Amino acid sequence: MPEGHTLHRLARLHQRRLAGGMVRVSSPQGKFAAGAARVDGQVLTKSEAWGKHLLHHYDSGLVVHVHLGLYGTFTESALPMGEPVGQVRMRMFGGQDGQPGFGTDLRGPTACEILLPPEVAALTDRLGPDPLRRGADPDRAWRRIQRSRRPIGALLMDQQVVAGVGNVYRAELLFRHRISPHRPGTGLSAGEWAQMWSDLVALMRVGVRVGKMVVVRPEHDHGEPSYAKDRPRTYVYRRQGAPCRLCGTPIAHQVMEARNLFWCPTCQPG
């Protein structure tokens, strides 16, 4: 599932290429036809991300809410766009004055729907702080963490605690701070959380800038290659059974709350 930095990159791209101009919106697949008709031909005023949610604000006050889920993707195209390929839930195209036209197709999202402003407020109110949003308050997350007996590995994946963190950032952040994913939230100190939050903000900002999750420090970025050819190295994510890059202990794996979990039992004891 795409993590928060991916949605922020998309939001910035759509803001840069489409916001401020009239946008044509359709649903070649048909599943979003009624919603597309409600915003087709309107001006896109703002594109933003909250955690793993993408929000397109139109001048009528209507908002298109997209959650990519496990399989959703946007593909970009210059104009004129060709015939839709596959099951395109939403097609958008337009452009700002003086810039080349831009189009994008959305396929396979978990959610693509019209929301009214009160519904948008209800959505964002139930999300935890997003490390990539200006003014995000880490204390909101800390208040929930410090009184929870759930393991920190599960709390980090709870979008009501922290918005935008997925499996990779969860595993790598905990390794970088030598914290066992099984430690209960009540066992985390305020100082540890403050350091984790600062690191998470920095890591996710790099992800937005370069489009990849760069999590291994330069001095450790050698040895066994990444789990996929087009991905940077990781410390623990998808490395079960491989030696830890720091201590050589085999990386452990289990399922925690229906999601795969990876950690080093030596570097992250307890």
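Here the residue numbers are simple positions, counted from 1 along each chain's written sequence. Totals for whole chains, interfaces and linings use all residues, but because this is a predicted model, local features are given only for residues with pLDDT of at least 70 and pairs of side-chain atoms are given and counted only at 80 or more. Only hydrogens and water are set aside when side-chain values are computed; all heavy atoms of the structure are taken into account.

Describing a nonpolar patch on the surface
Move 1: Among the surface-exposed residues, Met1, Leu70 and Tyr71 lie close enough to one another that they form a single nonpolar patch of about 370 Å² accessible area.
Move 2: A run of DSSP states H or I qualifies as a helix once it reaches four residues; a run of E qualifies as a strand once it reaches two. Both are numbered from the N-terminal end. In this fold, Leu70 is placed in the loop between strand E4 (63-67) and strand E5 (73-78).
Move 3: Summary of the burial criterion: residues with accessible area below 20% of their type's maximum are buried, those above 50% are exposed, and those between are partly exposed, where the area comes from a 1.4 Å probe applied to protein chains only. Judged by relative accessible area, which is 53%, Leu70 ranks as exposed. Patch construction takes residues with relative accessible area above 30% that form no salt bridge. Like charges are linked within 9 Å, and nonpolar side chains (Val, Leu, Ile, Met, Phe, Trp, Tyr) are linked within 5 Å. To be clear on the numbers: accessible area is Shrake-Rupley with a 1.4 Å probe, and residue cover counts the displayed protein chains and nothing else. We define a salt bridge as a contact between a side-chain nitrogen of Lys or Arg and a carboxyl oxygen of Asp or Glu at a distance within 4 Å.

As for the packing of aromatic side chains
Move 1: Between the rings of Phe, Tyr and Trp (Trp by its six-membered ring), a pair exists once the centres lie within 6.5 Å; its type follows the angle of the planes, with under 30 degrees stacked, over 60 edge-to-face, and the other angles tilted. Scanning the entire structure with this criterion turns up 4 aromatic pairs.
Move 2: Ring geometry for Phe175 against Tyr235: centres 4.6 Å apart, planes inclined by 25°, an arrangement best described as stacked. Remark: Tyr235 occurs in the loop between helix H7 (190-210) and strand E9 (252-256) and Phe175 occurs in helix H6 (residues 167-176); sequence separation between them is 60 residues. Neither Phe175 nor Tyr235 differs from the other in exposure class; each is buried.
Move 3: Ring geometry for Tyr237 and Phe262: centres 5.4 Å apart, planes at 75°, overall edge-to-face. In this pair, Tyr237 sits in the loop between H7 and E9 while Phe262 sits in strand E10 (residues 259-263), placing the two residues 25 residues apart along the sequence. Accessibility classification places Tyr237 together with Phe262 in one group, the buried group.
Move 4: Every member of this aromatic cluster is reached through a ring pair, and the members are Tyr227, Tyr237 and Phe262.

Remarks on the UniProt feature "domain: Formamidopyrimidine-DNA glycosylase catalytic" (unreviewed entry) in the protein chain
Move 1: Feature annotation in UniProt places "domain: Formamidopyrimidine-DNA glycosylase catalytic" (unreviewed entry) on residues 2-94, given in this structure's numbering.
Move 2: The span residues 2-94 carries 23% helix and 38% strand; its end-to-end C-alpha distance comes to 25 Å. UniProt positions are given in the numbering used here, feature names are shortened, and annotations may be inferred rather than shown by experiment.

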